[in-house]
Amino acid sequence: MEGKHSIPNRLNLLKKIGELTRSLVEDLCNGRSPTLKIDQFSSYCSEDSGKCCCSYNLPKGKEILTLQRESQSRRFDALLRVLLIVQQLLQENKHGSKRDIYYMHPSVFKEQSVVDRAVNDICILLQCSRHNLNVVSVGNGLVMGWVRFAEAGRNFDCISSPNTAHQIPVHVEDVEDIISVAEYILIVEKESDHYAFDDRAVFQRLANDQFCRKNRCIVITGRGYPDVPTRRFLHLLIEKLRLPVYCLVDCDPYGIDILATFRFGSMQMAYDAKSLRLPGIQWLGAFPSDCEKYQLPQHCLLPLTTEVFNDSTDKQKAEGILHRCYVEREAPSWRNELQLMLDRGVKFEIEALSVHSLTFLSENYLPSKIQMGAFI
């Protein structure tokens, strides 16, 4: 949301909170049931008729919350409680996580998702991003390679040891003095929970192979689905350094969904897609078509699952991505690879390339793909 309005400061946000609460009190004093009108945003739809009206900047409608409906009154209550906490954080210039907020009223909120939704609602009402509320995430992202920067008085000198991982800062707004001699940024990602393997396996493989010392690049991992600090940090690097960005994910529906989250944003935070999405990202691999190109043996391939994981099977997940409007509109070349995966009914991990050699990924696959422009 920062791209639509000037970046809000604490005083402006506190003023907006005061105006919002006064309007609710006035409704009560005048015998009216308080209502909140919350804009609805969507990062994609599955409209097959060509009538898609999804926008990264404009809401697709409004949702009206009222105390007259029991289900909405609970959401109303949670929103106001979280708003009070946010007001306190801003007044004291302190930071807290969504988990911190949950534990302030666990018997009321019942589950974390209630707090998550309330924070999103408040961001929409106040027309700001989550970090503007002083609500921060616990960062999972790692960075290594040819970059140096500072954050709140701390220096991050990746260049002096380019194959050593550094934690991505949580307070990305404090990152400054970015210096780099890199030629490109490489995102490596996988949904580790799905396979129960080490989520840094590929990242660590590249570090062990001295990939950054041999290739002038910056390598970043969000360790699964990317958190907000990782996406904001990437957004900042791309804005400042103007480098090409490639993404390497597992050749499965969840890997491609991670790729789509980086490039197009998530549905949950669609209201802030403009400041989080990275439209310049190129899919470097792994492609379903890489099976033949790199002669992966049958025992390296896994069948698309038929059991439900995260509310869908592999096939359902792939079909869902295939029908998202942004794939047709902005990444039509992805469709052929997705359809190929569905037609063959198989998937594979990035590590399957190690069937040729442990260093095949870092010494052959990645450099040749980048040099030949074999990305989509």
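Just so we're clear, the structure is a prediction, and the values are computed from it rather than from any experiment.

1. Some remarks on the sheet that holds strand β6 (residues 147–151)
Moving on, step 1. Spatially, three strands are ordered β7-β6-β9 in an open sheet, and the strand pairing comes out antiparallel. Where the open sheet ends on each side, the last strands, each with one partner, are β7 (154–157) and β9 (175–180). With strand direction ignored, the average angle separating the axes of adjacent strands in the sheet is 10°.
Moving on, step 2. Pairing geometry for β6 and β9, over four bridges, is antiparallel. Looking across to β9, one finds that Arg148 is bridged to Ile179.

2. Some points on helix α7 (residues 201–208)
Moving on, step 1. All of the buried residues in α7 are Val202, Phe203, Leu206 and Ala207. Along the long axis of α7, the arc covered by the buried residues comes to 145°, so they all point the same way.
Moving on, step 2. Lining the buried residues of α7 we find β5 (142–145), β10 (184–189), α8 (211–214), β11 (217–221), β12 (245–249) and α16 (360–372).
Moving on, step 3. With its phi angle positive at about 60°, Gln210 sits one or two positions after the end of α7.

3. Examining the pattern of salt bridges
A side chain with one charge may pair with a side chain of the opposite charge, provided their charged atoms come close.
Moving on, step 1. Under the definition given, this model contains 21 salt bridges.
Moving on, step 2. Arg329 serves as the salt-bridge partner of Glu330, at 3.5 Å between the closest nitrogen and oxygen.
Moving on, step 3. Glu330 gets classed as partly exposed once you look at its relative accessible area, which sits at 27%.
Moving on, step 4. Several salt bridges converge on common partners, so that one network encompasses Glu63, Arg75, Arg117 and Asp121.

4. Quick word on the packing of aromatic side chains
Moving on, step 1. Summed over the entire model, instances satisfying the criterion amount to 12 aromatic pairs.
Moving on, step 2. Geometrically, the ring pair formed by Tyr102 and Tyr103 is edge-to-face, given 5.0 Å between the ring centres and 70° between the ring planes.
Moving on, step 3. Ring geometry for Phe264 versus Tyr326: centroids 3.9 Å apart, planes at 10°, classification stacked. Of this pair, Phe264 sits in helix α10 (residues 253–264) while Tyr326 sits in helix α14 (residues 325–330), and the two are 62 residues apart along the sequence.
Moving on, step 4. Linked through ring pairs, Tyr44, Phe264, Trp283, Phe287, Tyr326 and Trp334 together constitute an aromatic cluster.

5. Regarding α16
Moving on, step 1. Here α16 has its buried residues at Phe360, Leu361, Ser362, Tyr365, Leu366, Pro367, Lys369 and Ile370.
Moving on, step 2. Buried-residue contacts for α16 involve β10, α7, α8, β12, β13 (282–285) and α12 (290–293).
Moving on, step 3. Two residues or fewer after α16 comes Gly373, characterised by a positive phi angle close to 70°.

6. Details of the packing of helix α1 (residues 10–29) against helix α2 (residues 70–92)
Moving on, step 1. The N-to-C vectors of α1 and α2 enclose an angle of 145°; their axes lie 10 Å apart at closest approach. Two packed elements cross with a definite hand, and for α1 against α2 that hand is left-handed. Contacts between α1 and α2 involve Arg10, Leu13, Leu14, Ile17, Leu20, Thr21 and Leu24 on the former and, on the latter, Phe76, Leu80, Leu83, Val86, Gln87, Leu90 and Gln91.
Moving on, step 2. In terms of residue class, the contact of α1 with α2 is made up of 10 nonpolar, three polar and one charged.

7. Section: the packing of α10 against helix α13 (residues 314–322)
Moving on, step 1. At a closest axis distance of 9 Å, the pairing of α10 and α13 adopts a crossing angle of 30°. One element, α10, and the other, α13, form an angle in the roughly parallel class. Judged by the twist between their axes, the crossing of α10 over α13 is left-handed. Between α10 and α13, the contacting residues are Pro253, Tyr254, Ile256 and Asp257 on the first element and Asp314, Lys317, Ala318 and Ile321 on the second.

8. Comments concerning unusual backbone geometry
Moving on, step 1. Geometrically, the link from Gly285 to Ala286 is a cis peptide bond, its omega value of -5° lying close to zero.
Moving on, step 2. Tracing the backbone through its elements, the reader meets Ala286 in the loop between β13 and α12.
Moving on, step 3. Although it is not a glycine, Asn93 sits at a positive phi angle of roughly 55°.
Moving on, step 4. Checked against the element boundaries, Asn93 lands in the loop between α2 and β3 (96–97).
Moving on, step 5. Not every positive phi belongs to a glycine, and Gln127 is a case in point at roughly 55°.

9. Quick notes on the environment of Thr313
Moving on, step 1. Locating Thr313 in the fold gives a position in the loop between β14 (302–303) and α13.
Moving on, step 2. Taking C-alpha positions, Thr313 is 9.3 Å from Pro253, a pair spaced 60 residues apart along the chain.
Moving on, step 3. Residues within four places of Thr313 in sequence aside, it is in contact with Thr305, Thr306, Glu307 and Val308.

10. Here we look at the sheet that holds β11
Moving on, step 1. Strand order in the open sheet formed by six strands is β8-β5-β11-β10-β12-β13, and the pairing between neighbours is mixed. Among the strands making up the open sheet, the edge pair consists of β8 (166–167) and β13.
Moving on, step 2. Judged from the two bridges that link them, β5 and β8 form a sheet pairing that is antiparallel. Within the sheet, the bridge partner assigned to Leu142 lies in β8 and is Gln167.
Moving on, step 3. On top of the sheet, α10 reaches β10, β12 and β13; it is set at about 155° to β12, its chief contact.

Conventions we followed
- Residues numbered from 1 in each chain as written.
- Predicted model: local features only at pLDDT ≥ 70, side-chain atom pairs only at ≥ 80, totals over all residues.
- Heavy atoms only, no water.
- Pairing = 2+ DSSP bridges.
- Helix = DSSP H or I, 4+ residues; strand = E, 2+ residues; numbered from the N terminus.
- Axes fitted to C-alpha atoms, helices over the stretch in contact; angles between N-to-C directions.
- Buried < 20%, exposed > 50% of the residue type's maximum accessible area, 1.4 Å probe, protein only.
- Arc of directions from axis to C-beta.
- Contact = heavy atoms within 4.5 Å.
- Salt bridge = Lys/Arg side-chain N within 4 Å of Asp/Glu carboxyl O.
- Phe/Tyr/Trp six-rings, centres within 6.5 Å; stacked < 30°, edge-to-face > 60°.
- Left-handed = near helix turned anticlockwise from the far one by under 90°.
- Nonpolar A, V, L, I, M, F, W, Y, C, P; charged D, E, K, R; others polar.
- Parallel < 35°, antiparallel > 145°, perpendicular 65-115°, else oblique.

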